[in-house]
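# Descriptive analysis of the structure
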Amino acid sequence: MIFDLLLTADAAWLGERTLAGPTAVGVRGSEIGWIGPSRDAPSAVTRTHVDGVLLPGLTDHHVHAAMIRPEQLLAAGVTTVLDLGWAPDEIWPLVDRARSDPALPHIRAAGPFLTAPGGYPSRQSWAPPRVAIEVEDPVSAIRAVESLVARRPATIKVTLNSEAGPVVDDATLNAVVGAARAHGIPVTAHTQGHGQTRRAYLAGVRVLAHTPWTEELDDSLVADLARDTTIVSTIDIHGWGEHTRDRRTALHNLRRFHSAGGTVRYGTDLGNGPLPIGVNIREIAALTDAGLSPVEILRAITGAPLRPGATADVSVVPADPTADPAVLGQAKAVLKAGRPVPARADGD
Ligand SMILES: [Zn+2]
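Residues numbered from 1 in each chain as written. Predicted model: local features only at pLDDT ≥ 70, side-chain atom pairs only at ≥ 80, totals over all residues. Heavy atoms only, no water.

### A word on the coordination of the zinc ion
Coordination sphere of the zinc ion, protein contribution only: His62 (NE2), His64 (NE2) and Asp269 (OD), at 2.0 to 2.2 Å. The sequence pattern describing where the donors of the zinc ion fall on their chain is H-x1-H-x204-D. Here aspartate 269 lies in the loop between strand S14 (263–265) and helix H8 (281–289) and histidine 64 lies in the loop between strand S5 (58–63) and helix H1 (70–75), a separation of 205 residues in the sequence. Judged by relative accessible area, histidine 64 falls into the buried class, the value being 6%. We classify aspartate 269 as buried; its relative accessible area is 3%. (Donors = N, O, S within 2.8 Å, 3.2 Å for Na, K, Ca; no water. Helix = DSSP H or I, 4+ residues; strand = E, 2+ residues; numbered from the N terminus. Buried < 20%, exposed > 50% of the residue type's maximum accessible area, 1.4 Å probe, protein only.)

This is the structure in structure tokens:
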């Protein structure tokens, strides 16, 4: 069997606690067709040797892609981003462009936020028109979800920010979750303000867009969340390196959630505030502070392991990330869906 491309490197992370030695990845079309020791490598039309350690392409689980230059993320090893809220007339064309543009990462998106009339973020200075759909009751909530499903959103994003404005009531929130679930679409919530995380959980929301930071969650809620909810970290939005009170509260919640067995995903909220573009090594360090081991951090920032049948999204780091996950800050993308990632000409 002849592959389109054979990628070799002296080491690879295949999802285990330690690295594999010299490894070859056989690519056919957009998928990995073979992976194993270099000495057993099959033949291929093209062979490329990469210096460093191969990894699955990295994912940032919380960005606002229209506010940044997503090609800079791909260059930094992030082959997939999840856009958690933007105006449809800007985000869907970008999602479509990313499908064919080899310089852009895969972009999966929520589309507009769902919020209460006048609720966050409809009144924010950074928010473009139509960034949010305002829902006032279960009927309008169901109508809003139904209006989004044709675009096959990666998730439905709902905001429960009682510090910035009104929030939807429980019946409306339940309707959002029920309508999304009927289409097999998960719901992601921004929770901010007393009691909002518990409300989200009780309504069936199973992804939190941020580690909650406005209150210390009680132990029973932490235990409930740890059973079946994913938290996207976004610790570094608090203080951008300064150890603020909000950061301490978020880190304390994330540490308890992780230690109770909860699933943590790496996410930065890029596009919101002066965050460094690329892999944010302060976010990586915060995950270490929250108790994640290097291998747990790798799982939080990668999708499926490199294996036959997986989409051929491959990145490389210069040294062993199971020894020091800070090397993720030096990641580069090698392949996006089997296609070599173009080198950047403008030096960033
Ligand atoms: Zn955000």
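Having seen the model, we can carry on.
### Brief notes about the pairing of strand S2 (residues 23–28)
Burial runs high along S2: five of the six residues are buried. The pairing of strand S1 (residues 3–12) with S2 spans five bridges and is antiparallel. Its bridge partner being in S2, alanine 9 is matched across the sheet by threonine 23. Here six bridges tie S2 to strand S3 (residues 31–37), and the two strands are oriented antiparallel to one another. Along S3, the bridge assignment pairs arginine 28 with glutamate 31. (Pairing = 2+ DSSP bridges.)

### What to know about the sheet that holds S3
With mixed pairing, the seven strands of this open sheet are ordered in space as S3-S2-S1-S4-S15-S16-S17. Edge positions in the sheet fall to S3 and strand S17 (339–340), since each of these pairs with one other strand and no more.

### Concerning the environment of valine 314
Locating valine 314 in the fold gives a position in strand S15 (residues 314–317). Take valine 314: its relative accessible area is 0%, and that puts it in the buried class. C-alpha of valine 314 to C-alpha of alanine 250: the two residues are 64 residues apart in sequence and 31 Å apart in space. Once residues within four sequence positions are removed from consideration, valine 314 is found in contact with Leu7, Leu54, Leu55, Pro56, Gly57, Leu306, Ala333, Val334 and Leu335. (Contact = heavy atoms within 4.5 Å.)

### As for the packing of aromatic side chains
Scanning the entire structure with this criterion turns up zero aromatic pairs. The ring of tyrosine 201 carries arginine 206 above its face, with NZ or CZ at 4.0 Å from the centroid. (Phe/Tyr/Trp six-rings, centres within 6.5 Å; stacked < 30°, edge-to-face > 60°. Lys NZ or Arg CZ within 6 Å of the ring centre and 35° of its normal.)

### So, the nonpolar core
Counting 59 residues, the largest nonpolar core has Leu58, Ile91, Leu254, Val279 and Leu328 as its most contacted members. Contacts of valine 279, omitting those with residues within four sequence positions, involve Leu58, Ala76, Val78, Tyr266, Ile284, Ile301, Leu328 and Gly329. Among the nonpolar cores identified, the runner-up in size contains 24 residues, and Val149, Ala180, Val187 and Val205 belong to it. (Core = buried A, V, L, I, M, F, W, Y, C linked by side-chain atoms within 4.5 Å.)

### Remarks on the pattern of salt bridges
Oppositely charged side chains may form a pair once their charged atoms are brought near each other. Scanning the entire structure with this criterion turns up 13 salt bridges. For the salt bridge of glutamate 71 with arginine 69, the shortest nitrogen-to-oxygen distance reads 3.6 Å. Across the pair aspartate 236 and arginine 282 runs a salt bridge whose closest N-O atoms are separated by 2.8 Å. With aspartate 236 in the loop between strand S13 (230–232) and helix H7 (245–259) and arginine 282 in helix H8, this residue pair connects regions lying 46 residues apart in the sequence. Look at arginine 282 and you get partly exposed, because its relative accessible area is 32%. Taken together, the shared-partner salt bridges in this structure form one network comprising Asp96, Arg99 and Arg151. (Salt bridge = Lys/Arg side-chain N within 4 Å of Asp/Glu carboxyl O.)

### A word on the packing of H7 against H8
Taken N-terminus to C-terminus, the directions of H7 and H8 make an angle of 55°; their axes are 9 Å apart at the nearest point. One element, H7, and the other, H8, form an angle in the oblique class. Taking contact as the criterion, the partners of Arg247, Leu251, Leu254 and Arg255 in H7 are, on H8, Ala286, Leu287 and Asp289. Among the residues forming the contact of H7 with H8, the class breakdown is four nonpolar, no polar and three charged. (Axes fitted to C-alpha atoms, helices over the stretch in contact; angles between N-to-C directions. Parallel < 35°, antiparallel > 145°, perpendicular 65-115°, else oblique. Nonpolar A, V, L, I, M, F, W, Y, C, P; charged D, E, K, R; others polar.)

### Brief notes about helix H9 (residues 294–301)
Of the positions making up H9, those classed as buried are Val295, Ile297, Leu298, Ala300 and Ile301. In this structure, the buried residues of H9 make contact with strand S4 (44–56), S5, S14 and H8.

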